[in-house]
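Reading the structure
Residue-level listing of the chains:
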Amino acid sequence: MPSTRPTKKAAAPAAAKAKPAATKKAPAAAPKSRKRTVQEAQQDSDDDFGDVAIDMASDEEDMDGDIEDEDDDEEAEEFPEDEGQDMSAADIEEEDENDSEGSYMDGDSIVDSQEENEDEDVGDEEDESDFGDLEEDDIDPNFGHNLNEPRPIESDYNPIIREYPEIDPVYDSDSSTEENENTVGDIPMQWYDDYPHIGYDINGKKIMRPATGDELDKFLSTMDDPDSWLSAHNYKDGQDVKLSAEELEIIRRLEGNRIPDADYNPYEDQVEFFTSKTEIMPLSAAPEPKRRFIPSKHEAKRIMKIVRAIREGRIVPRKSGYVPPKPKFYNLWNDAEDKPREEHIMHITAPKMKLPTHDESYNPPAEYLPTEAEIKEWNELDKEDRPKNYLPQKYNALRNVPGYGQFIQERFERCLDLYLAPRVRKNRLNIDPESLIPKLPSPRDLQPFPTRLAIEFLGHEGRVRSISVDPSGLWLASGSDDKTVRVWEIATGRCMATYHLDELVTSVVWGPNKEVAVLAVSCGYKVGLILPEKIFSPELTLHSEEYLKAGFANSATSEANPKAAWKQPTPAEFDQGIRVWVHLQKAVKQVTWHRKGDYFATVAPDANNSAVLIHQLTKHQTQQPFKKNKGAVQRVMFHPTKPMFFVATQRYVRQYNLQRQELVKTMQTGVRWISSLDVHPAGDNLIIGSYDKRLCWFDLDLSSKPYKTLRYHQQAIRSVAYHKRYPLFASCADDGNVQIFHGMVYNDLLQNPLIVPVKILKNVHDRVDALGALCVEWHPTQPWLISSGADHTIKLFS
């Protein structure tokens, strides 16, 4: 053990401990000096200490034991607490001076300090030293020497050099410079009001109350000291302490309700303790709490409560394999015993609602928010065509989100789906997808159909809106926006006749009766009947002339219809070939003939209730079949074999019986705007074209909805037409293309029609002002197709 040096602090507690146990001292024989005492103790201990190792800490215990063994019967002295009260201030100062004189300087040995105090009077009992209560035998001659090593012999030529522990420069070992700190702790200081002292220092000595003056002294000291307002009274030490600038700043900040530390920043950046990165070291080095490895008494009490209940039979544990009973339901309206029915084997539970996605959040990411173009497109769509019934919106906080207006409606629709929609478990069938595709015949097996351009008819200077082929198949009539009607020879492509009119020609149709050569033309508010004299034989021309004039004789005896007026042409018009004019109230868009050639119907969409009129050629009479029209009429058509009449409005096609004057059927097309209509020669099927690029085939004996809906065109469909002999039909659109289909209708009602697309005639007509092919017409006897367009041309494909 390294040698240590006894200081005043270390000796004082030992002396204090020895004093209460010491008895009354016997009169000393003669005073001895400290130096002599130490030398004698060293000489006496030369032979006593050999190879024995002595514990340095046992000296004090032996000393205490020797003192206690001297006289155990005598009473121990009481701790002299009252002695300090009788001491004057001069005695206290003298005691402090003696303490300071007896203290050791840093680095001095015990022998040196003893030589310095050799001349002092050690016999004076009032002089208290560090070793005043020790006898000569109690002093350790080897103090400051490691006893485990052999002690060297000290001489003049071999002085003993003692090494002491290194002194800490921070800690001041000189007790004379230390202040007496009051160690009473945080207690009310008014407890010491009746005592002359105010507490105790670290050595257990009393700290006397400092002298205080009266109020006049305080006032005078305040006036003399200009910095008295900067001091504060310390009640624990009984002194006035001058506050520093830092302490004054702390007081000023506390009065202003601010943080005392001026360097503290309450708005520092947050430290991300928990991040996505896996940390190697833990966030806290605190030891595990006690509750994690010691059983909980509260849980033990709860478990014992359950155990006692099981032992007493108040709780019966369930056996293994226990199944809770199912609730029983009874039929209130059945008197007999109703046994519960198990769930059907085909029963399927209702599907759960879909979980919300990111775009349904009140604060969705920016990529989910729609743009203005997407919002406009969403608003223009129908509710059935919208991909979702809401648009994502962004709110700053959840409290700003308004109530959802479609909540009750969506819940109601879901209840209807759960209640009305049947849910049946179906076994999955392993079917090859290719087997589901209908095996259509090859187009080569479906010939003949037109494939190439044969003849091109040139001569019109405007859009050719309508064309028609006469029943013989020799002549072709066309009407154009250049206010002319031309008659062409199909075999050669020559223009045989040209008729100039006052208005744009919207429709031209040859009469179906081969015995009467008549051409119906609609232009503006009137319909004209033309007799081409140059191209027909004199016998047919004469018979047709008489047939057209007979109506004027019959119209004189009958009442005229105010909605249509039959008039004769002028001499100039008669020379051109016009024989009859029928004047209407609105512009005529379409003219169509009855199969017998005596009746023809006109369509004027702007005429409201009188939009559809049926005219009789032999009697020059006009009748209105409908008192009120259901929608704007677009097209009309007579049935090829029965007294039926088809009327196409914007979205529906209605079939009427003219004899019974009743509605037979209404076809739901599913399109937005019907543009054209044609009936199959057998009368059991019809097709329609629409401006939304769709072609619908209806089987009148099957359903009121389309049997097939075809969408092969890229633009609006303008015209559709059936062939009179071949199983073919065609359609043309504004994209300039002509689609040719094979449509076989079987006599067997159990077999559906066969529809096969066989040919696409691309870019037949050039687009002019967003218009392409305007009309198609089939040859009555040959598989030839004739089309007209906005590029002023007429083309024949064979």
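This one's a predicted model, so the numbers in the text were calculated from it and none came from an experiment.

Here the focus is the overall build of the protein. Per the secondary structure count, the protein includes 14 helices and 33 strands. Counting all 798 residues of the protein, 31% fall into the buried class. Expressed as a percentage of contacts within the protein between residues at least 6 apart in sequence, the contacts between residues at least 24 apart total 50%. A total accessible area of about 55600 Å² is found for the protein, and carbon and sulfur atoms account for 50% of it.

Between Q447 and P448 the backbone carries a cis peptide bond, its omega angle lying at 15°. Tracing the chain through its elements places P448 in the loop between α12 (433-436) and β5 (453-458). Positive phi values are uncommon outside glycine, yet H620 reaches one of about 50°. Mapped onto the fold, H620 is located in the loop between β17 (612-616) and β18 (621-623).

This next bit is on the pattern of salt bridges. Side chains that differ in sign of charge can pair as their charged atoms come close. Within this structure, the stated rule accounts for 14 salt bridges. Salt-bridge contacts for K388 lead to D359; the nearest nitrogen and oxygen are separated by 2.7 Å. You can see K388 sitting in the loop between α10 (372-380) and α11 (407-420) and its partner D359 sitting in the loop between α9 (297-312) and α10, a full 29 residues away along the chain. Relative accessible area serves as the criterion here: at 31%, K388 is assigned to the partly exposed category.

Moving on, we come to the pairing of strand β3 (residues 231-234). One ladder, built from four bridges, connects β3 with strand β4 (residues 239-242); its direction is antiparallel. Within the sheet, the bridge partner assigned to H233 lies in β4 and is D240. Connecting β3 to the next strand, β4, in antiparallel fashion are four residues, including G238 with a positive phi near 70°.

This next bit is on a positive patch on the surface. On the surface, R302, K305, R308 and R311 cluster together to form a positively charged patch. Considering the arrangement of structural elements, one finds R311 in helix α9. Classification of R311 as exposed rests on a relative accessible area of 68%.

Glancing now at a nonpolar patch on the surface. Where nonpolar side chains cluster on the molecular surface, the patch consists of L216, F219, L220 and M223 and spans about 430 Å² of accessible area. Within the element layout of this structure, F219 appears in helix α7 (residues 215-224). Since its relative accessible area comes to 49%, F219 is described here as partly exposed.

Moving on to the sheet that holds strand β9 (residues 495-500). What the four strands build is an open sheet, ordered β6-β7-β8-β9; its pairing is antiparallel. In the strand order of this sheet, the two ends are held by β6 (464-469) and β9, each with one partner. Within this sheet the neighbouring strands show an average axis-to-axis angle of 15°, counted without direction. Direction of pairing for β6 relative to strand β7 (residues 475-480): antiparallel, over a ladder of five bridges. Across the sheet, the residue bridging to I467 is S478, located in β7.

This brings us to the sheet that holds strand β10 (residues 505-510). Strand order in the open sheet formed by five strands is β10-β11-β12-β14-β13, with antiparallel pairing between adjacent strands. The open sheet has two edge strands with one neighbour each: β10 and β13 (564-567). Across this sheet, the average inter-strand angle for adjacent strands is 20°, counted without regard to direction. Inspection of the sheet shows strand β11 (residues 519-523) paired to strand β12 (residues 526-530) by five bridges, in the antiparallel sense. Residue pairing across strands places L519 opposite I530, the latter belonging to β12.

Turning to the side chain of Q739, a few remarks are in order. Following the sequence through the fold, Q739 ends up in strand β29 (residues 738-744). Of the residues examined, Q739 reaches a relative accessible area of 3% and is grouped as buried. When near neighbours in sequence (up to four residues on either side) are disregarded, Q739 contacts Y712, H713, F729, A730, S731, K759 and I760.

Here we take up the pairing of strand β24 (residues 685-690). Within β24, six of the six residues are buried, which leaves it mostly tucked inside the rest of the structure. Burial of β24 is two-sided: the residues N685, I687 and G689 facing one way and the residues L686, I688 and S690 facing the other way are all buried. Relative to β24, strand β23 (residues 674-679) runs antiparallel, the two being bridged by five bridges. Among the inter-strand pairings, L677 is bridged to a residue of β24, identified as I688. Relative to strand β25 (residues 695-699), β24 is paired through five bridges, and the arrangement is antiparallel. Within β25, the position partnered with I687 by the bridge is W697. In sequence, β24 turns back onto β25 through a hairpin of four residues, with K693 there showing a positive phi of about 70°.

Attention now moves to the environment of R635. Tracing the backbone shows R635 in strand β19 (residues 635-638). Here R635 falls in the partly exposed class, since its relative accessible area comes to 27%. Once the C-alpha coordinates of R635 and L677 are considered, the two residues, 42 residues apart in sequence, prove to be 6.4 Å apart. One polar contact links the side chain of R635 to the main-chain carbonyl oxygen of S675, over a distance of 3.3 Å.

So, on to the side chain of S690. Within the secondary structure, S690 is located in strand β24. On the basis of relative accessibility, which here comes to 0%, the residue S690 falls in the buried class. Not counting residues within four places of it along the chain, the set of residues in contact with S690 comprises V671, W673, I674, S675, A716 and I717.

The next thing to look at is the packing of aromatic side chains. Inspection of the entire model under this criterion finds 14 aromatic pairs. One aromatic cluster is present, built from ring pairs that chain together W697, Y712, Y722, F729 and F741. One cation-aromatic arrangement involves R386 over W378; the distance from NZ or CZ to the ring centre is 4.0 Å. Over the aromatic face of F574 sits the side chain of R579, whose NZ or CZ is 3.9 Å from the ring centroid.

Right, let's get into the environment of H500. The topology assignment puts H500 in strand β9. According to the relative accessible area criterion, H500 is exposed, its value standing at 52%. Look past the residues within four positions of H500 in its chain and what remains in contact with it is K483, T484 and Q576.

Before going further, it helps to spend a moment on the environment of G597. Topologically, G597 is positioned in the loop between β15 (590-593) and β16 (599-603). Exposure remark for G597: the relative accessible area of 8% places this residue in the buried category. In this structure the C-alpha to C-alpha distance between G597 and W510, which are 87 residues apart in sequence, comes to 9.4 Å. Look past the residues within four positions of G597 in its chain and what remains in contact with it is P512, N513, Y547 and L617.

Another aspect to go through is the confidence of the model for the protein. Low-pLDDT portions of the prediction should not be read for the details of their coordinates. The predicted model of the protein has a mean per-residue pLDDT of 77, with 73% of residues at 70 or higher. This model gives residues 171-178 a pLDDT under 50, and the stretch forms eight contacts once residues within four places in sequence are excluded.

Definitions and cut-offs
Residues numbered from 1 in each chain as written. Predicted model: local features only at pLDDT ≥ 70, side-chain atom pairs only at ≥ 80, totals over all residues. Heavy atoms only, no water. Helix = DSSP H or I, 4+ residues; strand = E, 2+ residues; numbered from the N terminus. Buried < 20%, exposed > 50% of the residue type's maximum accessible area, 1.4 Å probe, protein only. Contact = heavy atoms within 4.5 Å. Areas by Shrake-Rupley, 256 points an atom, 1.4 Å probe, with all protein chains shown as cover. Salt bridge = Lys/Arg side-chain N within 4 Å of Asp/Glu carboxyl O. Pairing = 2+ DSSP bridges. Patch = residues over 30% accessible without salt bridge, like charges linked within 9 Å, V, L, I, M, F, W, Y side chains within 5 Å. Lys, Arg positive; Asp, Glu negative; His and termini not counted. Charge placed at Lys NZ, Arg CZ, Asp CG, Glu CD. Axes fitted to C-alpha atoms, helices over the stretch in contact; angles between N-to-C directions. Polar contact = N/O pair within 3.5 Å; in protein donor to acceptor, adjacent residues only side chain to side chain. Phe/Tyr/Trp six-rings, centres within 6.5 Å; stacked < 30°, edge-to-face > 60°. Lys NZ or Arg CZ within 6 Å of the ring centre and 35° of its normal. pLDDT = per-residue confidence, 0-100.

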